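Remarks on the overall topology
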Amino acid sequence: LFSELSDIPLDSHYALKEEFSADPAPKKVILGSGIYRDGNGMPWVLPTVKEAEDIVDNIGDPGRYDYLQIAGSAAFYTAARDLLFGRVDTKVESIVSVQAVSGTGANSLGARFLSESLKPSAVWLSNPSWVNHANIWSLVGVEVKYYPYWDAEKRLLDFENMIKTLESHTKPGDVIVLHGCAHNPTGVDPTKDQWKTIADVCQRRGLFPFFDNAYQGFASGDLDEDAWALRHFAGRENMELAAAQSFSKNMGLYGERVGALHILTASPDAASKVKGHVLRIQRGQVSQPPRRGATLATTILTNGKLFQKWLLDLREMSSRIKDMRKALHDELVALGTPGDWGHILTQIGMFSYTGLSPAQVEHLRSEGHVYILASGRISVPGLNPGNVKYVAAAIDKAVRG
Ligand code: PMP
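Throughout this document, residue positions are counted from 1 along each chain, in the order its sequence is written. Note on the predicted model: pLDDT of at least 70 is required for a residue's local features to be given, and 80 or more for side-chain atom pairs to be given and counted; whole-chain, interface and lining totals, by contrast, use all residues.

Things to note about the overall build of the chain
- Only runs of H or I of at least four residues qualify as helices and only runs of E of at least two qualify as strands under DSSP, and these elements are numbered from the N terminus. The helix and strand tally for the chain stands at 15 helices and 13 strands.
- Within these notes, the globule rule equals 2.2 Å times the number of residues to the 0.38 power, and the radius of gyration is based on C-alpha atoms. Over its C-alpha atoms the chain spans a radius of gyration of 21 Å, differing by no more than 12% from the 21 Å that the globule rule assigns to 401 residues.
- Its C-alpha atoms give the chain principal-axis dimensions of roughly 60 × 55 × 55 Å.
- In this scheme every C-beta is placed from the backbone, and a residue whose C-beta has 20 or more other C-beta atoms within 10 Å is buried, one with 12 or fewer is exposed, and one in between is partly exposed. Among the 401 residues that make up the chain, the fraction classed as buried is 46%.
- When contacts within the chain are restricted to residue pairs at least 6 apart in sequence, long-range pairs at least 24 apart make up 76% of them. Contact between two residues is assigned whenever their backbone-derived C-beta positions fall within 7 Å.

Set out below in structure tokens:
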């Protein structure tokens, strides 16, 4: 029955992990997936999450393994919404929020709902974008198109061409996916003025913005600053939008799958209709989202003391990443590695788009046993004081060929 199916290659992140595991070299480094590691290269359970675990486990709620509602935990998705949209939002009655199976689930749920309700002629993704965006939108049968984003030569945002494409090639009702902050994979975000221009274009062209917010708190280390773009859009008159939110990175709850989907509609009445449709889809896909991670996140978001401590955890992660950017940059400069490496310092969030060519990436892997994605993206938190010199030396050799 299935012998005629085409072969589907393993997702590039997972293929990289398999190659890495199979490499017998005694010294090897992987800078693939966007997952935080501490200064010793170990997974880091946030101290705030440990405290939340103690609180939750001490309560010993007898219903702790019960099903949640189809929409998930209201305490969770309300606190999550406030974190993203800010507490002062006057349109709160017009926002539909539901808990989702982390950021990926929120993207998928939103894509499925928007494909059914808006019937867009296309979804517009940045070129490049998180690899799973195209997959998610293809699964719901929407044509995937790309707007220019990265100027490979200048290693900067290609803003002019981005706007030109959006102005001339999009159709009303098309969806545009925007990364709320810390763009994956490039680490390059629009400036505030550029965000305003993007919002203008969306309104003029009738595009429906879908924000993907997987890194709030990781770009600047400031939760409000990292939500600025979304809040700017949401604050505009006659703006409707969707937002996928993830707590994988900013709470380190990767495997717990904690996230939310929010849809800002034109009125409370529209919101109630949207909610019905979103819940219908959620019921068919997962019935109810998972409980424990959302309980931990709610505990952190709603307990004033813990919330303040969480800000310190966020700062610790974002400043370690910044330190590693500087360390890698300084090593490359010290080695006199040909090229300009300033972009490693100016890019933000978990990733750096190094500008290394596929051939150089291959050289890194085969000669240096350093594993990065073929696009040249490195996950900066994979660097630590124990491996950064080694990685820089391997990059140096790869660049010199
Ligand atoms: N969106 C973007 C842009 C991401 O980088 C990621 C994680 N790599 C996600 C969504 C989803 O992550 P998760 O499903 O773990 O929340």
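That shown, we press on.
Concerning the domain arrangement of the chain
- By convention here, the domain bounds are inherited from an automatic or database domain assignment. One can read the domain layout of the chain as domain 1 (12-45 + 317-400) and domain 2 (67-302).
- One C-alpha centre belongs to domain 1, the other to domain 2, and the line joining them spans 28 Å.
- Facing the 19 residues of domain 1 at the interface are 19 residues of domain 2.
- Elements supplying a minimum of two residues to the side of domain 1 that touches domain 2: α12 (304-335) and β11 (351-353).
- It is β11 that provides the largest number of residues to the side of domain 1 that touches domain 2, a total of three residues.
- In this classification, the charged set is Asp, Glu, Lys and Arg, the nonpolar set is Ala, Val, Leu, Ile, Met, Phe, Trp, Tyr, Cys and Pro, and all remaining amino acids, among them Gly, are polar. For the side of domain 1 that touches domain 2, a count of residues per class yields eight nonpolar, 10 polar and one charged.

Description of the confidence of the model for the chain
- The predictor rates its confidence in each residue with pLDDT, a number between 0 and 100. With 100% of its residues at a pLDDT of 70 or more, the chain has an overall mean of 96.
- With pTM at 0.96, the complex prediction returns an ipTM value of 0.99.

Structural notes on the packing of helix α2 (residues 47-59) against α12
- One can describe the packing of α2 onto α12 by two numbers: an axis separation of 8 Å at closest approach and a directional angle of 150°. Considering the angle they form, α2 stands roughly antiparallel to α12. Side by side, α2 and α12 meet where Pro47, Thr48, Glu51 and Ala52 of the first sit next to Leu306, Lys309, Trp310 and Asp313 of the second.
- Its residues assigned to classes, the contact of α2 with α12 shows four nonpolar, one polar and three charged. Only the stretch in contact is used when fitting a helix axis, every axis being a line fitted to C-alpha atoms; angles between N-to-C directions are given from 0 to 180 degrees. Roughly parallel means an angle under 35 degrees; roughly antiparallel, over 145; roughly perpendicular, 65 to 115; everything else is oblique.

Notes on the site of the ligand
- Placing a C-beta atom from the backbone of each residue, we mark the residue near a molecule or strand if the atom is within 6 Å of it. Around the ligand lies a shell of 13 residues, among which Ser102, Gly103, Thr104, Ser246 and Ser248 are the nearest.
- Take the shell around the ligand: its biggest share by element is three residues, from helix α4 (residues 102-117).
- A breakdown of the residues in the shell around the ligand according to their chemical character gives three nonpolar, nine polar and one charged.

Remarks on the nonpolar core
- Among the nonpolar cores identified, the biggest contains 111 residues, and Phe210, Leu241, Leu261, Ala297 and Val391 are the most heavily contacted of them.
- Each of domain 1 (12-45 + 317-400) and domain 2 (67-302) gives at least three residues to this core.
- If sequence neighbours within four positions are ignored, leucine 241 has contacts with Phe208, Pro209, Phe210, Phe211, Phe233, Ala234 and Leu264. Any set of buried Ala, Val, Leu, Ile, Met, Phe, Trp, Tyr and Cys residues joined through C-beta atoms within 7 Å is what this text calls a nonpolar core.

Description of helix α9 (residues 228-235)
- Restricting attention to buried positions, one finds in α9 the residues Ala229, Leu230, Phe233 and Ala234. One side of α9 carries all its buried residues, which in axial view fall inside an arc of 130°.
- Here the buried face of α9 lies against α3 (74-85), α7 (192-205), β8 (208-213), β9 (241-246) and β10 (258-264). Throughout, the arc means that of the directions going from the helix axis to the C-beta atoms.

A few points about the environment of glycine 276
- With respect to the element layout, glycine 276 can be found in helix α10 (residues 268-285).
- You can call glycine 276 exposed: it has 10 C-beta atoms within 10 Å.
- Each C-alpha atom, one on glycine 276 and one on aspartate 323, is 46 Å from the other, the two residues being 47 residues apart in sequence.

A word on the environment of serine 357
- Relative to the elements of secondary structure, serine 357 occurs in the loop between β11 and α14 (358-368).
- Taking the C-alpha atoms as reference points, serine 357 and glycine 376, 19 residues apart in sequence, are found 6.5 Å from one another.

Section: unusual backbone geometry
- Look at the link from asparagine 127 to proline 128: it is a cis peptide, with omega at 5°.
- Inspection of the secondary structure assignment puts proline 128 in the loop between β3 (123-127) and α5 (131-139).
- For the bond from asparagine 184 to proline 185, the omega torsion is 20°, close enough to zero to count as cis.
- Unlike most non-glycine residues, lysine 119 shows phi in positive territory, near 45°.
- Turning to its location among the elements, lysine 119 is positioned in the loop between α4 and β3.
- Judged by C-beta crowding, with 9 C-beta atoms within 10 Å, lysine 119 ranks as exposed.
- Positive phi is not limited to glycine here, since asparagine 238 has a value of about 60°.
- Topologically, asparagine 238 is positioned in the loop between α9 and β9.

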